[in-house]
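# Per-entry structural report
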Amino acid sequence: MRCWKRCARDRLVWCWFPLVMCPRKSPNWRERWRHLPHQFPWRPSFDPTDVEGLGRIAARELVINSLRMRPDRIIVGEVRGGETLDMLQAMNTGHDGSLTTVHANSPRDALARLETMVLMAGLDLPSRAIREQIVSAIQLIVHIRRCEDGVRRVQCVSEITGMEGDTPQLQDVFVFRSRGRQGKRLNGEYVATGIVPRVVEQMRAENHDVPMSLFQPGI
């Protein structure tokens, strides 16, 4: 499950966690991140405690320290604790293009898990305030699921449209539709739902050409 804000400028800060955007199992993972359009990358990594119980560098400390370096965007491989609050605050304070990963069964479950992990920061925040932070920070959620044939596929791309009462609202932009099996492999295709996400207007304002035919149902 990957969540991000729209892209911004050049300076990039990586917070390198056990699960990263380019898995080390890939033979060319180094080349992939090197070819990202950025300048001056900084790639910190957290450290567990040593045999004496000293030297621990927590994930939250990395996110906080990276914010002091005035990055244009922050990419956190995975959030699983109190660093979620700092990541959301970074997305809400001008760090457009930030990206992170969270484990969940669906986009809706991802929002609920983000709320739970924010509470792990130790602050007694009301649920509505946390949900408003999430809705303001995240624009798109990409749900990656391991299917029955063992292949990981993008299951859907969902947009957060706002709040209705105390409930964040989601709408699917693209979904994967299964068409049966061919041997052991699952067949299917990606189709548009006909909904044009709001992020398209921002992309066009930054001179990115997004054809509207991309969002026509059945394409």
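Residues numbered from 1 in each chain as written. Predicted model: local features only at pLDDT ≥ 70, side-chain atom pairs only at ≥ 80, totals over all residues. Heavy atoms only, no water.

Moving on, we come to the overall build of the protein. The helix and strand inventory of the protein stands at six helices and nine strands. Within the span of the protein, comprising 219 residues, buried residues form 40% of the whole. The long-range share in the protein, meaning contacts at least 24 apart out of those at least 6 apart in sequence, stands at 56%. A total of about 12600 Å² of accessible surface is found on the protein, and carbon and sulfur atoms cover 50% of it. (Helix = DSSP H or I, 4+ residues; strand = E, 2+ residues; numbered from the N terminus. Buried < 20%, exposed > 50% of the residue type's maximum accessible area, 1.4 Å probe, protein only. Contact = heavy atoms within 4.5 Å. Areas by Shrake-Rupley, 256 points an atom, 1.4 Å probe, with all protein chains shown as cover.)

The final tally for this structure, using the stated rule, is two aromatic pairs. Here the aromatic rings of Phe176 and Tyr190 are separated by 5.1 Å at their centres, their planes lie at 55 degrees, and the arrangement is tilted. You can see Phe176 sitting in strand E8 (residues 167-182) and its partner Tyr190 sitting in strand E9 (residues 185-192), a full 14 residues away along the chain. Accessibility expressed as a relative area gives 10% for Phe176, which makes it buried. (Phe/Tyr/Trp six-rings, centres within 6.5 Å; stacked < 30°, edge-to-face > 60°.)

Attention shifts here to the environment of Val199. Note on placement: Val199 falls in helix H6 (residues 199-205). With relative accessibility at 8%, the residue Val199 sits in the buried group.

Residue alternation in strand E4 (residues 73-76) divides its side chains into two sets, Arg73 and Ile75 and Ile74 and Val76, and both sets are buried. Handedness of the crossover is the feature at issue here: the chain leaves E4, passes through helix H3 (residues 83-91), returns alongside strand E5 (residues 99-101), and the resulting connection is right-handed. (Right-handed = clockwise from strand over helix to strand, strands pointing away.)

Here we take up the nonpolar core. By size, the foremost hydrophobic cluster in this structure holds 23 residues, and its most contacted members are Val79, Leu114, Ile134 and Ile138. Leaving out residues up to four positions away in the same chain, Leu114 has contacts with Val79, Thr84, Val102, Ile134 and Ile138. (Core = buried A, V, L, I, M, F, W, Y, C linked by side-chain atoms within 4.5 Å.)

Below, the discussion takes up unusual backbone geometry. The backbone of Asn207 shows a phi angle near 65 degrees, a positive value even though the residue is not glycine. With respect to the element layout, Asn207 can be found in the segment after H6.

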